[in-house]
Amino acid sequence: MLIRAIPFVFVLLWASGFVGARFGLQYAEPATLLSLRMMCNVLLFVLLMVVLKRPMPKGKFLFHCVVVGLLIHGFYLGGTYLAIALGMPAGLSSLLVGLQPIVTALILVSFAAQRFTPSQWLGLVLGFIGITCVLIGKTEWQSEQYKVLAILSSMGALIGITIGTLYQKKFCQGADMVGSAMVQYFAAGCLFFPVAYSFETMQIHWTLEFMLTMVWLVVVLSCVAILLLLYMVEHGAASSVASVFYLVPPTTALQAWLLFGESFDWLGIMGFALAAVAVYLVVKGPKLASMVRKVPRVSKT
C-alpha cells in the first residue's frame, strides 16, 4: 500500500515545484534564486553523501553528470524559472514542459527504430490539440509583455529536460544517485552564478515567506523527493512514476489556482485534460513504455 502511494506523493511534490518557483521569484530574480538554490543543494547533498556514505562519481561518470546537470537543472530549471519570471502562469509552464514524455517518444521513434502504436499516434494528436486549446484560450498571465519570449524559454526547458533525461539514461547508468545529484547541482550552479552576476542585480528580499520557500525547494523537493525516488528504485516502484506523470500539469494548475488565483477558461481546462490523456496514451504504449520509464525524472522545479 505504501509503495503504491509513493508515486502519487512524488508527483504531488514535483507539481508543487512550479508553484514554489513563482513564490520565490517574488523575492529574487531567476538566476539569482537558482544560484542560491543550487548552492544550498550542494551543501545538503554533500552532507547526505557523508551520512549515507555515498561515493562521488569519478572519471567518465563525473563528466556525464556535469552534462546532465547543465541540461536538466541548467536549461530545464533555468528556462522554467525565466518563463515564470516573464509572466507565464505556473500551470501553463508545467503543461508545456510536461510534454517531455511525448517528445522523448518522438525522438525514440525517429532515431531508435521504434514505432508508435495507434493509441500513441492518437496521444500525439491529442497533445497537439490540447496545447493549442490552452494557448488560444483565455489564460490569465501575470504579464503578457514578454509572452512570446516566455513561451520560447519554456520550450527551451522542454528540450533541456528531454535531452538531459535521454543522456542520463545512456551515460549515467551505474552512477550513485546521491553523488550524481550533488555534481549535477554544482554544475548548474556554475552556470547560473555568472548569469546572475552579469545580468541581474543579485538582490534578495529576505522575508519569512522567501526563506520558507527556499526550505521547500531545497529540502522537500531537491532532497525528500530524491530520497523517495531512491526508495522507489530499490523497491521496484520507479516505473510507476511515469504512469502518473500526466497528473502533474492539472495538479500544478489546481495548486496555482488555490494559491495565486491563476485561472483558465473552459477551452484551457479542456486543453489540460487532452494533454493529460495524451501523455498517458504515449507513456502507456507497449513498445515505448519500457524505454521512457527506465529513467524517472530526478530534477525538481
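Data block above holds the structure.
Let us look at the structure shown here.

Turning to a nonpolar patch on the surface, a few remarks are in order. The grouping of Val46, Leu47, Val50, Val51, Leu52 and Leu227 at the surface amounts to a nonpolar patch, some 510 Å² of accessible area in total. At five residues, helix α2 (residues 30-52) tops the list of elements feeding residues into the nonpolar patch. Tracing the sequence through the fold places valine 51 in helix α2.

Here the structure, examined in full by the defined rule, presents two salt bridges. Ionic pairing is found between arginine 22 and glutamate 262, a salt bridge with its closest N-O pair at 2.6 Å. Taken together, the residues span a long stretch of sequence, with arginine 22 in helix α1 (residues 2-24) and glutamate 262 in the loop between α11 (248-260) and α12 (266-284) at a distance of 240 residues. Residue class for arginine 22 comes out buried when judged on its relative accessible area of 15%. Residue classification places glutamate 262 among the buried residues on the basis of a relative accessible area of 4%. Across the salt bridge formed by arginine 54 and aspartate 176, the nearest N and O atoms sit 2.8 Å from each other. One end of the pair, arginine 54, is in the loop between α2 and α3 (60-85); the other, aspartate 176, is in the loop between α7 (147-171) and α8 (177-199), and 122 residues separate them in sequence.

Here we take up the environment of leucine 48. Here leucine 48 lies in helix α2. The spatial distance from the C-alpha of leucine 48 to the C-alpha of methionine 182 is 9.4 Å, given a sequence separation of 134 residues. When residues no more than four places from it in sequence are discounted, the contact partners of leucine 48 are Lys53, Val178 and Cys223.

So, about unusual backbone geometry. Backbone geometry places lysine 53, a non-glycine residue, at a positive phi of 55°. Along the polypeptide, lysine 53 turns up in the loop between α2 and α3. Classification of lysine 53 by relative accessible area gives exposed; the value is 74%. Of note in the backbone geometry, methionine 202 takes a positive phi value of approximately 65° without being a glycine. Within the secondary structure layout, methionine 202 lies in the loop between α8 and α9 (208-234).

Parameters and conventions
Residues numbered from 1 in each chain as written. Predicted model: local features only at pLDDT ≥ 70, side-chain atom pairs only at ≥ 80, totals over all residues. Heavy atoms only, no water. Patch = residues over 30% accessible without salt bridge, like charges linked within 9 Å, V, L, I, M, F, W, Y side chains within 5 Å. Areas by Shrake-Rupley, 256 points an atom, 1.4 Å probe, with all protein chains shown as cover. Salt bridge = Lys/Arg side-chain N within 4 Å of Asp/Glu carboxyl O. Helix = DSSP H or I, 4+ residues; strand = E, 2+ residues; numbered from the N terminus. Buried < 20%, exposed > 50% of the residue type's maximum accessible area, 1.4 Å probe, protein only. Contact = heavy atoms within 4.5 Å.

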